[in-house]
Structures are given as C-alpha cells and as structure tokens.
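Chain and residue survey
Below, each chain spelled out in residue letters.
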Amino acid sequence: MIYYRIAVNAPLREPLTYSYDGELSPGQLVQAPLGKRQVSGVVLEKDPEPSTEFKIKPISSLHEETPQLKESYLKWAQWISRYYFHPVGQVAHTGIPSLKKNSQRKSKKRPLIPEVDSVTPPQLTEEQTTVVQAIGFDGGFKTHLVHGVTGSGKTEVYMELIHARLEKGQACIVLVPEISLTPQLVRRFAERFHDQIAVLHSGLTDRERTDQWWSMVDGQKKILIGARSALFCPIPNLGLIVIDEEHEPSFKQEEKLKYHARDTAIMRAHFEDIPIVLGSATPSLETWQNAKSGRYQLHQLKKRVQDRPMPDVEIIE
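Below is a summary of the structure that appears in this document. What you see is a predicted model, and the numbers here were worked out from it, not measured in a lab.

**Here's the deal with the nonpolar core**
- F232 and I241 are the most contacted members of the largest nonpolar core, which totals 47 residues.
- Among the elements that take part in this core, helix 1 (residues 71-84) stands out by supplying seven residues, more than any other.
- In contact with F232, not counting residues within four places along its chain, are Y73, W76, I80, V91, T94, G95, L257, Y259 and R268.
- Core analysis: the next-biggest nonpolar cluster, separate from the first, contains 27 residues, V132, M159, L161 and V199 among them.

**So, the side chain of H86**
- Looking at where H86 falls in the secondary structure, it is placed in the loop between helix 1 and helix 2 (88-92).
- Aside from chain neighbours lying at most four places away, what touches H86 is R13, S81, V91, K256 and L257.

**Describing the environment of E314**
- Residue position: E314 is located in the segment after strand 14 (297-301).
- In this structure the C-alpha to C-alpha distance between E314 and Y3, which are 311 residues apart in sequence, comes to 69 Å.

**Comments concerning the packing of helix 1 against helix 7 (residues 261-272)**
- Where helix 1 meets helix 7, the axes come as close as 9 Å, and the angle between the chain directions of the two elements is 145°. The two elements helix 1 and helix 7 meet at a crossing, and its hand is right-handed. In this structure, helix 1 contributes S72, Y73, K75, W76, W79, I80 and Y84 to the contact, and helix 7 contributes D263, T264, M267, R268, F271 and E272.
- In the contact of helix 1 with helix 7, the residues fall into seven nonpolar, two polar and four charged.

**Looking at helix 1**
- In this model helix 1 runs 20 Å from its N-terminal to its C-terminal C-alpha over 14 residues, within 8% of the 20 Å that 1.5 Å per residue would give.
- Those residues of helix 1 that sit buried are S72, Y73, L74, W76, A77, W79, I80, S81 and Y84.
- Looking at the packing, one finds that the buried side of helix 1 touches strand 4 (37-46), helix 2, strand 12 (259-260) and helix 7.
- Looking one or two places after helix 1, you find F85, whose phi comes out positive at around 55°.

**Considerations on the packing of aromatic side chains**
- In this structure the tally under the stated criterion is eight aromatic pairs.
- Measuring from centroid to centroid gives 4.9 Å for Y83 and Y84, while their planes differ by 85°, and the two rings are edge-to-face.
- Within the aromatic cluster, the residues linked to one another by ring pairs are Y73, W76, F232 and Y259.
- The ring centre of W214 lies 4.6 Å from the NZ or CZ of K101, which sits over that ring.

**Considerations on the sheet that holds strand 2 (residues 16-20)**
- With respect to topology, five strands assemble into an open sheet ordered 2-1-4-3-5, the strand pairing being antiparallel. Looking at the sheet topology across the chains shown, the edges are occupied by strand 2 and strand 5 (61-62).
- In this sheet, strand 2 lies alongside strand 1 (residues 2-8) in antiparallel orientation, the contact comprising five bridges. In the strand pairing of strand 2, R5 is matched with T17.

**Some details on the side chain of T143**
- By the element assignment, T143 lies in strand 6 (residues 142-148).
- A relative accessible area of 4% means that T143 is categorised as buried.
- With near-sequence residues (within four places) excluded, T143 lies in contact with I266, I276, L278, Y296 and Q297.

**Remarks on the pattern of salt bridges**
- The final tally for this structure, using the stated rule, is 13 salt bridges.
- Across the pair E272 and K70 runs a salt bridge whose closest N-O atoms are separated by 3.0 Å. Residue E272 is located in helix 7, and its partner K70 is located in the loop between strand 5 and helix 1; the two are separated by 202 residues in the primary sequence.
- Since its relative accessible area comes to 12%, E272 is described here as buried.
- The partly exposed category is assigned to K70, whose relative accessible area is 34%.

Conventions and cut-offs
- Residues numbered from 1 in each chain as written.
- Predicted model: local features only at pLDDT ≥ 70, side-chain atom pairs only at ≥ 80, totals over all residues.
- Heavy atoms only, no water.
- Core = buried A, V, L, I, M, F, W, Y, C linked by side-chain atoms within 4.5 Å.
- Buried < 20%, exposed > 50% of the residue type's maximum accessible area, 1.4 Å probe, protein only.
- Helix = DSSP H or I, 4+ residues; strand = E, 2+ residues; numbered from the N terminus.
- Contact = heavy atoms within 4.5 Å.
- Axes fitted to C-alpha atoms, helices over the stretch in contact; angles between N-to-C directions.
- Left-handed = near helix turned anticlockwise from the far one by under 90°.
- Nonpolar A, V, L, I, M, F, W, Y, C, P; charged D, E, K, R; others polar.
- Expected span 1.5 Å × (residues − 1).
- Phe/Tyr/Trp six-rings, centres within 6.5 Å; stacked < 30°, edge-to-face > 60°.
- Lys NZ or Arg CZ within 6 Å of the ring centre and 35° of its normal.
- Pairing = 2+ DSSP bridges.
- Salt bridge = Lys/Arg side-chain N within 4 Å of Asp/Glu carboxyl O.

Below is the structure:
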C-alpha cells in the first residue's frame, strides 16, 4: 500500500491520509470514505510518514472521467486556500460540474451561442495597434491594464490578442461582470470566432453548465466567456486571461468561498505563466495604483473609434 494526502471536498482545513495499492499523481480526483459517506477528493502528494494512531482507510475509487488537475492549477488552488482561508479540497472542486459528462439530457437543448454571419474585423486604430503590439503575443506572466474611454475599442484589442493565441493552439478565458454577460457581447465574439466559444454563467442549467465545461476541457472550444466562476474551469493549454470591466464589484463573491475574481485571476495567470489583461474606462483605485507604480503595465486608449466626439460634461452645483 502507498499512502497519499487527499484534500477532500468537505469543510476540513487539513488534508487526510488514505491508502491505495498503486501509483497516483498529484491532481488526480478520487472517491474516498469520510465517516459513513463517500466524498470526492484530490490527491496532493504522497504521505511518507502516515500516522499509526488511527486506522488508515483506503481510497474507494478513481474518477476516471474527470481529468487530472495540472500542477499549476493545483498550486493555484492551494494559494486560494491559504489566502482566503477556505479548505483546499472545496477550492479544487469549485470548478467541477455536478453532473456526469454523458448523463441523459432531460430537456431540449437550447442554443447558447447565436448563429451569426462572419464579420470582417475592422482595421485597428493607431492607438489600438500600439496597445496590441505593446502587450505582445508571447507568453510569460505580466499584468496589463488597458485603460480606455468608453467607445475606444477595448473589445477589439481583446479579440486581436485572443486571435493570436488561437493561432498557436492556445485557449483563452474572458471574464465579464454577470450584468454585462449579454447576448450582444456573446454575439460580437461569435461574429469573429464562430463555434470556438463556450459560455458559463448563473443562467445555465446544470446540464448546460456541464456541457459547456466539458467543451473547454476536451478542447472542442477555445474561448470561454463567463462570470467569475468560469475562472475555475481547468482548461488545458491556457494562453491568456482577460478581465473586462475589472472595477465591477460583482467580481467579488460573498458566500461560501469568498474571493475576488480579478485578484484570483491574476494569481492563476502567475501560476500558469501567461499574460492577463484588465480592461476598464474607470479602473479601481488599487488597479490604478498598481499601474501607476509600474507593477502593472499601463496601456491607454484616449480616443474613441472613428474619432467620435466625447459627450459634453459640465459640473454644476
């Protein structure tokens, strides 16, 4: 028997030790007994010196269907656990869907991505081109703030950067506030990227959420657009994260695992060693300070596309 430290999906601060008659790798998901019930857990590491004070129970089975979590993802989950004081087993299971991959659908499948005609991408403005080139197309962790006035074309900058990652076979996550996840936004991405898009948000059924999750994990889709929980999808070969409207308070979760999706996304980019782009016309004070101090790279779009005039603003008593 070999002994392993398992982070179970339960409100326990420390991992538990279980035995198994074979080699397991960190990140593998298993089923294990906890009291009189069975719970899911994730393998953290071998336990070279298991306690002899208690009888060590064996792992019940392996999750053959669910993919093994990458080392970078597992380290990120452990960071979240430490930083937000939440059990690592529950953190690691945050992104796992509740249904099996191929369980029977009980309702008619509805289209989540609109079928649209292709649209020729507009020519980038001089400012947009400068920002895209400054952010670049190479990997490596760096946090970028795209500070652009409303109508300056931040979304086109995102899509140009995403297109370059798709050309390399990489996947991307685009996080938006729940209130901004509108059909119009998804349609705009669909016009450019067609059937490469998956969506995750609170308006989906469990079956829809599971199908969308697997379409990204299996590599069928390459762009995941979603609210904050989409960040926990264990996408293989992730190349870029975009946080639109980074200042929005809805990126904070205030129940169960309490976290800020913007800050947590920055740390995922750090562990994945990929760039992350924050976009806003009105950045949060902490993001602005990080950009002004040089901790984040600042890119500015000061003009509207096609030189559209800014609204007149007058301060009155």
